[in-house]
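Given next are the chains, with one letter for each unit.
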Amino acid sequence: MSVIGEYLRVTAAELDRAIQDPHWALDFVEEVRDTEEETESAPAEARHFSTYKTWDVLRFLLARAEFPVNVIHGEEPFAEHEDWGYGPPRYLRPERVRLAAEALRATGYGQLVRGVDPAELTSAEVYPLGWSEPGALEWGRHWYEGLTQFLEAAAGADDAVLVWLD
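Residues numbered from 1 in each chain as written. Predicted model: local features only at pLDDT ≥ 70, side-chain atom pairs only at ≥ 80, totals over all residues. Heavy atoms only, no water.

To continue, consider the sheet that holds strand 1 (residues 5-10). Read across the sheet, five strands follow the order 2-1-5-4-3 without closing on themselves; strand pairing throughout is antiparallel. Taken across any chain shown, the strands that pair with only one partner, and hence form the sheet edges, are strand 2 (48-52) and strand 3 (76-77). Both strand 1 and strand 5 (residues 160-165) contribute to a ladder of six bridges, which runs antiparallel. Bridged to Arg9 within strand 5 is Val161. On top of the sheet, helix 2 (residues 22-39) reaches strand 1, strand 2 and strand 5; it is set at about 100° to strand 1, its chief contact. Helix 7 (residues 141-156) rests against strand 1, strand 2 and strand 5 of the sheet, and its axis sits at about 155° to strand 2. (Pairing = 2+ DSSP bridges. Helix = DSSP H or I, 4+ residues; strand = E, 2+ residues; numbered from the N terminus. Contact = heavy atoms within 4.5 Å. Axes fitted to C-alpha atoms, helices over the stretch in contact; angles between N-to-C directions.)

Structure representation (structure tokens):
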């Protein structure tokens, strides 16, 4: 079993509905995910995005850089009594999505990993383990760039983003 970072772009009306009706939100997530699995949309075009298992290394690197938005776990709770895999979902309001997109674009992945010793990740028990492998820090680059593109598109559309671990 793997822990996967998950995101869904939602309009203001969809966010309001998700907050009021978390069961609808989970059904909506599954519907969008199923539809997009068939089309394999690029991150900038997708409504659903996953950071796969890189969520924790990205969390570690972004926290180390004192990133201004919690893009890994979301910031505002909703459906607090629901479990979407590994706890309840959270969300980012459109203004936080814009800030996150700007900050991600301004902070390249190379900048995040500069000076990081893989032993730090092992010591911090960053999921998944195996940070002593050569090039292990490069593993997160693809998903970081995808997350950046995804959040930039969401910001451009003035969307909010649901965030959860599955």
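The rest of the description comes next.
Turning our eyes to something else, we now look at the layout of surface pockets. Of the voids in this model, the largest pocket is the one considered here, and its volume is about 260 Å³. In terms of lining, the largest pocket is formed by Glu6, Arg33, Glu36, Glu37, Glu40, Ser41, Pro43, Ala46, His48, Phe49 and Ser50. Within the residue set of the lining of the largest pocket, elements represented by two or more residues are helix 2 and strand 2. When its residues are assigned to classes, the lining of the largest pocket shows three nonpolar, three polar and five charged. (1 Å grid on protein atoms, 1.4 Å probe; cavity = no way out; pocket = protein on both sides within 12 Å on 5 of 7 lines; lining within 4 Å. Points joined across faces, edges and corners; volume = space filled by probe spheres on them. Nonpolar A, V, L, I, M, F, W, Y, C, P; charged D, E, K, R; others polar.)

Another point: helix 4 (residues 94-106). Its 13 residues place the ends of helix 4 18 Å apart at the C-alpha level, agreeing with the 18 Å of an ideal helix rising 1.5 Å per residue. Turning to helix 4, its buried residues number three or more, namely Pro94, Val97, Ala100, Ala101, Ala103 and Leu104. Check the buried side of helix 4 and you find it contacts helix 3 (55-64), strand 4 (90-92), helix 7 and strand 5. (Expected span 1.5 Å × (residues − 1). Buried < 20%, exposed > 50% of the residue type's maximum accessible area, 1.4 Å probe, protein only.)

Moving on, we come to the packing of helix 4 against helix 7. A pair of packed helices is characterised by two quantities: the angle between their axes and the separation of those axes. Relative orientation of the contacting elements helix 4 and helix 7 amounts to 140°, with a least axis distance of 8 Å. For the element pair helix 4 / helix 7, the angle class is oblique. Considering the relative orientation of helix 4 and helix 7, their crossing is left-handed. Contacts between helix 4 and helix 7 pair Val97, Arg98, Ala100, Ala101, Leu104 and Arg105 from the former with Tyr144, Leu147, Thr148, Gln149, Leu151, Glu152, Ala154 and Ala155 from the latter. For the contact of helix 4 with helix 7, the residue count by class is nine nonpolar, two polar and three charged. (Parallel < 35°, antiparallel > 145°, perpendicular 65-115°, else oblique. Left-handed = near helix turned anticlockwise from the far one by under 90°.)

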